[in-house]
Amino acid sequence: MTLPSAPRIHPSILSADFANMQAELARIVAADFVHVDVMDNHFVPNLTFGPQMVRRIQDTSPVPLDVHLMIEDPDRWAPGYAELGAASVTFHLEAARDALALAARLRAIGSRAGVAVKPDTPVEPLFEHLDAFDQILVMTVEPGFGGQSFRADQMPKLRRLADEARRRGSDVWLQVDGGISADTIAQAAEAGADTFVAGSAVYGADDVEAAIAGLRHAAALAHRH
Ligand code: DX5
Ligand code: ZN
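The present account deals with the structure reproduced in this document. (Residues numbered from 1 in each chain as written. Chains lettered and ligands numbered in written order. Predicted model: local features only at pLDDT ≥ 70, side-chain atom pairs only at ≥ 80, totals over all residues. Heavy atoms only, no water.)

## Let's talk about the overall build of the chain
Within the chain, the secondary structure is distributed over eight helices and eight strands. Here the chain has a C-alpha radius of gyration of 16 Å; the compact-globule value for 225 residues is 17 Å, and the two agree. Expressed as lengths along the three principal axes of its C-alpha atoms, the size of the chain is roughly 45 × 40 × 35 Å. Looking at the chain residue by residue over its 225 residues, the buried ones come to 55%. (Helix = DSSP H or I, 4+ residues; strand = E, 2+ residues; numbered from the N terminus. Rg over C-alpha atoms; globule rule 2.2 N^0.38 Å. Buried < 20%, exposed > 50% of the residue type's maximum accessible area, 1.4 Å probe, protein only.)

Rendered as structure tokens:
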């Protein structure tokens, strides 16, 4: 697979109509990946779906899958998502027993390996291990629900991570998720994000394709500054 270049826009189907998933996926053909939020009602107080549904999304989606696992015991469950063909699988650092071993296993199966940090989780412990991951997700809301407000207080953390990645010559993707919209995406891009999840800002728009293009344009402009 040729990898899309930055800025990458990943619409989150958490804000899509779950009863019309095939049509909702067809609307985001202009996106780079589709962001698929798996929640288990334990790691977060919300429940979405598991491997059976993700397999059907994988069969149906016009773009590759960026699976975001908000679940306990990812060491046990994450490899199954790589095995069903997801191009990228991200698990939470807070939930993993052995994040490095799990990332290596995801890569061995053939998926990109991502690790996510909640707003209160420091990112510094990852600095020594940037090469172990293909993507680091800095949450810009408390995970669990779409439609929450962007947390600008996460920008210093993102900036420290981006500076460190640059210093080390790392090509790890830096993703943000939560409250990303035409109004907030520039802040995240300026702080160093190159990969942007957007749920309500894409699926809540009348013109989904224009929303994706608008986000991409705003991120590209901000990144140059
Ligand atoms: C929240 C999820 C997000 C969510 C983002 O826990 O991880 O992916 O869909 O939705 P918006 O873009 O509406 O904040
Ligand atoms: Zn997500």
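After presenting the structure, the write-up continues.
## Focus on the environment of Ser15
Structurally, Ser15 can be placed in the loop between strand 1 (8-11) and helix 1 (21-26). C-alpha of Ser15 to C-alpha of Thr48: the two residues are 33 residues apart in sequence and 11 Å apart in space. If we ignore the near neighbours within four places in the chain, the residues touching Ser15 are Gly199, Ser200 and Tyr203. (Contact = heavy atoms within 4.5 Å.)

## Details of the sheet that holds strand 6 (residues 135-139)
Taken in spatial order, the eight strands line up as 1-8-7-6-5-4-3-2 in an open sheet, and their pairing is parallel. With partners counted over all chains shown, the strands left at the sheet margins are strand 1 and strand 2 (34-39), one partner each. Here the average twist between neighbouring strands, direction ignored, is 25°. Sheet topology places strand 7 (residues 173-177) next to strand 8 (residues 195-198); three bridges connect them, and they run parallel. Looking at strand 8, one finds that Gln175 is bridged to Thr195. Taken strand by strand, helix 2 (residues 51-60) contacts strand 2 and strand 3 (65-70), and its axis lies near 165° from that of strand 3. The sheet strands contacting helix 4 (residues 99-109) are strand 4 (88-92) and strand 5 (112-117), and the helix crosses strand 4 at an angle near 165°. (Pairing = 2+ DSSP bridges. Axes fitted to C-alpha atoms, helices over the stretch in contact; angles between N-to-C directions.)

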